[in-house]
Amino acid sequence: TNTTGIVPTTGFVDSRTLAMATNATLAKALSDANATLTQPEAVNATLTFTGTLTATRDVVIPLVGKKQWTVYNGTGQSLQFIGPTGTGITVATLKHAIIRSDGTNIVRVTADT
């Protein structure tokens with residue numbers, strides 16, 4: 001007999017949103033300005049960018065764990081991939097690269113191809 005008046009929990013539903021990695025591709029057209037990816041954009045495994053740019057632009061990526069991305073720079077200028085803090089790397093125009101977050105910086109895994 002339960003004399004405490006407390007009913008034991010028999011189950012629950014977890015309604016929190018998880019930032020889970022997907023194998024999806026983000027295709028994003030950039031304006032001629034720096035861009036900051038949202039968390040839902042950054043969970044994609046592949047990030048592709050297009051746009052008419054007049055100078056190298058920053059793509060700011062949330063520093064979540066040790067995530068890795070394949071990126072494609074389809075713009076007419078270089079793109080620097082960087083976190084809100086720390087250092088980043090630059091990918092040349094019309095090139096692919098694999099990059100990752102080390103929790104502090106965005107670092108290069110492969111050379112531009």
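Scroll up for the structure.
Residues numbered from 1 in each chain as written. Predicted model: local features only at pLDDT ≥ 70, side-chain atom pairs only at ≥ 80, totals over all residues. Heavy atoms only, no water.

This next bit is on the sheet that holds strand β4 (residues 57-60). One open sheet accounts for 4 strands, arranged β2-β4-β6-β7; its pairing is mixed. If you trace the sheet from one side to the other, it starts and ends with β2 (35-36) and β7 (89-91), each paired once. Pairing of β2 with β4, which is carried by 2 bridges, proceeds in the parallel orientation. Paired with Ala35 across the two strands is Val59, which belongs to β4. (Pairing = 2+ DSSP bridges. Helix = DSSP H or I, 4+ residues; strand = E, 2+ residues; numbered from the N terminus.)

The subject of this paragraph is the pattern of salt bridges. Where charged atoms from two side chains of opposite charge come close, those side chains can pair. Inspection of the entire model under this criterion finds 3 salt bridges. Between Glu41 and Lys28 there is a salt bridge, with its nearest N and O atoms 2.9 Å apart. Here Lys28 lies in strand β1 (residues 25-29) and Glu41 lies in helix α1 (residues 39-42), a separation of 13 residues in the sequence. Using a relative accessible area of 16% as the deciding quantity, one classes Glu41 as buried. Its relative accessible area of 22% is what places Lys28 among the partly exposed residues. Among the salt bridges present, the one from Arg57 reaches Asp32, with a minimum N-O distance of 3.0 Å. You can see Arg57 sitting in strand β4 and its partner Asp32 sitting in the loop between β1 and β2, a full 25 residues away along the chain. On the accessibility criterion, Arg57 (18% relative accessible area) is buried. (Salt bridge = Lys/Arg side-chain N within 4 Å of Asp/Glu carboxyl O. Buried < 20%, exposed > 50% of the residue type's maximum accessible area, 1.4 Å probe, protein only.)

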